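Coordinate inspection notes
Chain by chain, the residues run as shown.
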Amino acid sequence: AGADLHVRTPNMQQTAMHLVAGGNIESWGVDKTMGLLRLLVQKAPELLSEKNAQGKTPLDCAKYEKKRQQAAYLSSLPR
């Protein structure tokens, strides 16, 4: 069974990639956070360009939340 990676949160309309990109890497751990982000990019690369209710992409969320490792990884990906 698989999860629907395109589902969105209520109100903010964030995808799984938005949540991981702006997530708490200190609590989740670097390996788990970056592994999940790589998995999401591999399985659903179209989520990179999805915008939430504030008009932010996952990269925008990472930058806004000052998540440098997530932002650096997302910035390194081809557009």
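Numbering of residues starts from 1 in every chain and runs along the sequence as written. Note on the predicted model: pLDDT of at least 70 is required for a residue's local features to be given, and 80 or more for side-chain atom pairs to be given and counted; whole-chain, interface and lining totals, by contrast, use all residues. To get the side-chain values, take all heavy atoms of the structure and skip hydrogens and water.

Regarding the pattern of salt bridges
Stated precisely, the cut-off is as follows: By convention in these notes, a salt bridge is any Lys or Arg side-chain nitrogen within 4 Å of a carboxyl oxygen on Asp or Glu. Helix and strand definitions follow DSSP, with helices as H or I runs of at least four residues and strands as E runs of at least two, each counted in order from the N terminus.
Summed over the entire model, instances satisfying the criterion amount to 2 salt bridges. Residue Arg 8 pairs with Glu 50 through a salt bridge whose shortest N-O separation is 2.4 Å. Here Glu 50 lies in the loop between helix 3 (30-43) and helix 4 (58-64) and Arg 8 lies in the segment before helix 1 (16-21), a separation of 42 residues in the sequence. Linking Glu 26 and Lys 67 is a salt bridge whose minimum nitrogen-to-oxygen distance equals 3.5 Å.

Examining the nonpolar core
Going by this rule: Definition of nonpolar core: a set of buried residues of the types Ala, Val, Leu, Ile, Met, Phe, Trp, Tyr and Cys, connected through side-chain atoms within 4.5 Å. Accessibility here uses a 1.4 Å probe with only protein chains present; expressed as a share of the type maximum, an area under 20% marks a residue as buried, one over 50% as exposed, and anything in between as partly exposed. The criterion used for residue contact is that any of the two residues' heavy atoms lie within 4.5 Å.
Counting 17 residues, the largest nonpolar core has Met 17, Leu 37, Val 41, Leu 48, Tyr 73, Leu 74 and Leu 77 as the members making the most contacts within it. Looking at this core, the elements that each hand over two or more residues are helix 1, helix 3, helix 4 and helix 5 (68-76). In terms of residue count, helix 3 provides more of this core than any other element does, 4 residues in total. Not counting residues within four places of it along the chain, the set of residues in contact with Leu 48 comprises Met 17, Val 41, Thr 57, Pro 58, Leu 74, Leu 77 and Arg 79.

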